[in-house]
Amino acid sequence: MNELNELDHQLTLAVNGSDSLFWDNVMYTVTDTFSWSMVIVALLVIIFRNNTWKEALMVFVTLALLIFVADRICSGWVKPTVARWRPAQDPQLMYFVDVVRNYRGGRFGFFSGHACNTMCVAMFLSWLFRDFKVTVTLFLWSLTTTFTRLYLGVHYLGDVTVGFLIGAVLGTLFYWLMEHFIHPRVGLKRFISEQFTSSGYLKSDMNTFMTIVFFNYICLIIFAMTLGI
């Protein structure tokens, strides 16, 4: 166990920080949930556009419950129980960690809430939309936002790995619960059309969503560049 823990420390330090003010600004910006407001609004519009208001409401209720449960498991139970220091808070490691803008996070970091929350949302939406390109986009979003936690030194690689796994399980579980118990019509739609995904979402809306995600990345990079001026 000590050898595994030491390997986790070494791998985390290997990807933590850089000598670039630009990348410091990018990572600090990307890690902020508020930075993805444009994508959240796009999701609201697309889900309401492709469902009745009752179906759309059930999707958002399920998503809200999913995020709440994931957060309670992580921050409310596991973190205080396991009590594993974050790298930037660990007395044995904190002086070797590159810290951006004096941001060190809370005391404990196992497992990563960012990794769990982003992956459970990505997994849930992947099952909901059933579009391969959107799935890749969502997983890329989860991976990049989670990488910022390693870069900023507020999580170990083991923290985010476990967060990913738990998030994937929770996202799948809550989609299954919604499809079979909460509102079966949301998940049981099956379309065979060039215009729709198999779950009934307009492919044009899926393309729009991907465009907005990547446009959001561009906006965040431009904003990070202005911070360095």
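Structure's up top.
Predicted, not measured: the structure shown is a model, and the values here were computed from it.

> Help me out: how do you make sense of the packing of helix α4 (residues 53–82) against helix α5 (residues 113–129) in this one?
To characterise two packed helices, one gives the angle between the axes of the helices and the distance between these axes. Interhelical geometry of α4 versus α5 gives an angle of 155° and a closest axis separation of 10 Å. Classified by the angle their axes make, α4 and α5 are roughly antiparallel. The two elements α4 and α5 cross, and the hand of that crossing is right-handed. When α4 is examined against α5, the residues V59, T62, L63, L66, I67, A70, D71, C74 and K79 are found in contact with a partner set consisting of G113, C116, N117, C120, V121, F124, L125 and L128. Looking at the contact of α4 with α5 residue by residue, the class counts come to twelve nonpolar, three polar and two charged.

> Teacher, can you tell me more about the nonpolar core here?
Considering soluble globular proteins, one finds that nonpolar side chains tend to be buried as a cluster. I47, F124, L125, L128, F129 and F209 are the most contacted members of the largest nonpolar core, which has 40 residues in total. Take this core: its biggest share by element is eight residues, from α5. With residues up to four places along the chain from it excluded, the contact list for I47 reads A56, V59, F60, L125, L128, F129 and Y201. Ranked by size, the runner-up nonpolar core spans seven residues in total, among them A115, M119, V160 and A168.

Rules behind the numbers
Residues numbered from 1 in each chain as written. Predicted model: local features only at pLDDT ≥ 70, side-chain atom pairs only at ≥ 80, totals over all residues. Heavy atoms only, no water. Axes fitted to C-alpha atoms, helices over the stretch in contact; angles between N-to-C directions. Helix = DSSP H or I, 4+ residues; strand = E, 2+ residues; numbered from the N terminus. Parallel < 35°, antiparallel > 145°, perpendicular 65-115°, else oblique. Left-handed = near helix turned anticlockwise from the far one by under 90°. Contact = heavy atoms within 4.5 Å. Nonpolar A, V, L, I, M, F, W, Y, C, P; charged D, E, K, R; others polar. Core = buried A, V, L, I, M, F, W, Y, C linked by side-chain atoms within 4.5 Å. Buried < 20%, exposed > 50% of the residue type's maximum accessible area, 1.4 Å probe, protein only.

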